[in-house]
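So the chains spell out like this:
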Amino acid sequence: MSSQAPETTQIHNIGYRNYDGPRLGRAYARRALFSQSLRGAYGLGRSAKSKVLPMILFAVMCVPALIIVAVAVVTKASKLPLDYTAYAIYLQLVICIYLAAQAPQSVSRDLRFRTVPLYFSRPIERVDYVLAKYGAMASALFVLTAAPLVILFVGALLAKLDFSDQAAGFGQGLVSVALLSLLFGGIGLVMAALTPRRGFGVAAVIATLVISYGAVSTLQGIAYGTDNIDAIQWMGLFSPITLIDGVQTAFLGAATSFPGGEGAGPGAGVGVVYLLVVLALIAGSYGVLMRRYRKVGL
């Protein structure tokens, strides 16, 4: 005598529904990653401790501009004591510290905790990730370096300095810091992306920017002391900050900070070499990041 087990299979409706909203796609994901990375560069959306250093450095960048403006207004100066194009050169150490702190924060944690493949599991590809991170870092640097120039420009107008001269200098300064932001942002991200360890990334960024500038400046000083003036401008090709100095000297009418003054800065001919090296470094940084994340994303 055989018995058959009763049918016990049941289907329960527990309330799940299919998503029927808009599919925002890659462009939205790229914009969201850019926005999140840019906000994170200033500690926004993160812990209070994460906001301290970037906000302090932003204040340090802006305070000298406020002092310059106050002096120009009180003394009724005929011009600002510091050119727009020279501001970032003088405060380069602050920019380097900011980049060394924030570039690893932008990419090293994703590498360390292996979250990059999770990004690529969504409708976002390697090029979207690199563009968003690169764009956010360059934008954060541009905010850091352009804000003091805005203060200088507004202060110059309050001091009733000539509008056309100030507008021209302000425009030249913005072009200079935009190029600086692209160059430094790319170099910083490349150094930070080479290791998942944030401390190593910080050290790599500082070594690349600060040590290279110190070495080039020392060699330029030696060349100036031995009357090798022509060699000074070629030495400037081997440091990111002197590259920016050379480009703005050649094409933006800026006064060079090279030893020897005006005659030591590159002219238009050598300036083309400077500009090509800067563009090559920007494109090369993008290419290195793309190659790096081709392996990481697998």
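Check the entry above for the structure.
A brief structural summary.

Calculation criteria
Residues numbered from 1 in each chain as written. Predicted model: local features only at pLDDT ≥ 70, side-chain atom pairs only at ≥ 80, totals over all residues. Heavy atoms only, no water. Helix = DSSP H or I, 4+ residues; strand = E, 2+ residues; numbered from the N terminus. Buried < 20%, exposed > 50% of the residue type's maximum accessible area, 1.4 Å probe, protein only. Polar contact = N/O pair within 3.5 Å; in protein donor to acceptor, adjacent residues only side chain to side chain. Contact = heavy atoms within 4.5 Å. Phe/Tyr/Trp six-rings, centres within 6.5 Å; stacked < 30°, edge-to-face > 60°. Expected span 1.5 Å × (residues − 1). Bend = angle between axes of the 7 residues up to and from the residue.

## Focus: the side chain of Q92
Within the secondary structure, Q92 is located in helix α4 (residues 92-112). Residue classification places Q92 among the buried residues on the basis of a relative accessible area of 13%. A polar atom in the side chain of Q92 sits 3.1 Å from the backbone oxygen of I89. Here Q92 is in contact with Y213 and I241, once residues within four sequence places are set aside.

## Section: the environment of A132
Looking at the element boundaries, A132 is found in helix α6 (residues 126-158). With a relative accessible area of 1%, A132 lands in the buried category. Separated by 94 residues in the primary sequence, A132 and L38 have C-alpha atoms spaced 9.1 Å apart. Every residue in contact with A132, bar those within four places of it in the chain, is listed here: R30, L33 and F34.

## Focus on the side chain of S212
Summarising the element assignment, S212 is placed in helix α8 (residues 198-225). Judged by its relative accessible area of 15%, S212 falls in the buried class. Polar side-chain contacts of S212 include one of 2.5 Å to the backbone oxygen of T208. In this structure, S212 is in contact with A207, F238, S239 and P240, ignoring residues within four places of it in sequence.

## Examining the packing of aromatic side chains
Evaluation of the coordinates by the stated rule reveals 6 aromatic pairs. On the basis of an interplanar angle of 40° and a centroid distance of 5.4 Å, the ring pair of Y42 and Y98 is categorised as tilted. Of the two residues, Y42 sits in the loop between α1 (25-40) and α2 (48-75) while Y98 sits in helix α4, which places them 56 residues apart along the sequence. On the basis of relative accessible area, Y42 is assigned to the buried category, the value being 9%. Overall, Y98 belongs to the buried group, its relative accessible area being 0%. Relative to F170, the ring of Y84 lies with its centre 6.1 Å away and its plane at 65°, an arrangement referred to as edge-to-face. Of this pair, Y84 sits in helix α3 (residues 84-90) while F170 sits in helix α7 (residues 163-193), and the two are 86 residues apart along the sequence. Each member of the pair, Y84 as well as F170, is classed as buried. Among the aromatic side chains, those forming a connected cluster through ring pairs are Y84, F153, F163 and F170.

## Examining α6
Given a rise of 1.5 Å per residue, 33 residues ought to cover 48 Å, and the 47 Å separating the end C-alpha atoms of α6 matches this to within 8%. Of all the bends in α6, the greatest, near 30°, is centred on A146, and the proline P148 appears no more than four residues after it. Following α6 by one or two positions, K160 adopts a phi angle in the positive range, close to 60°.

Read these as layout, nothing more, since geometry by itself doesn't imply function.
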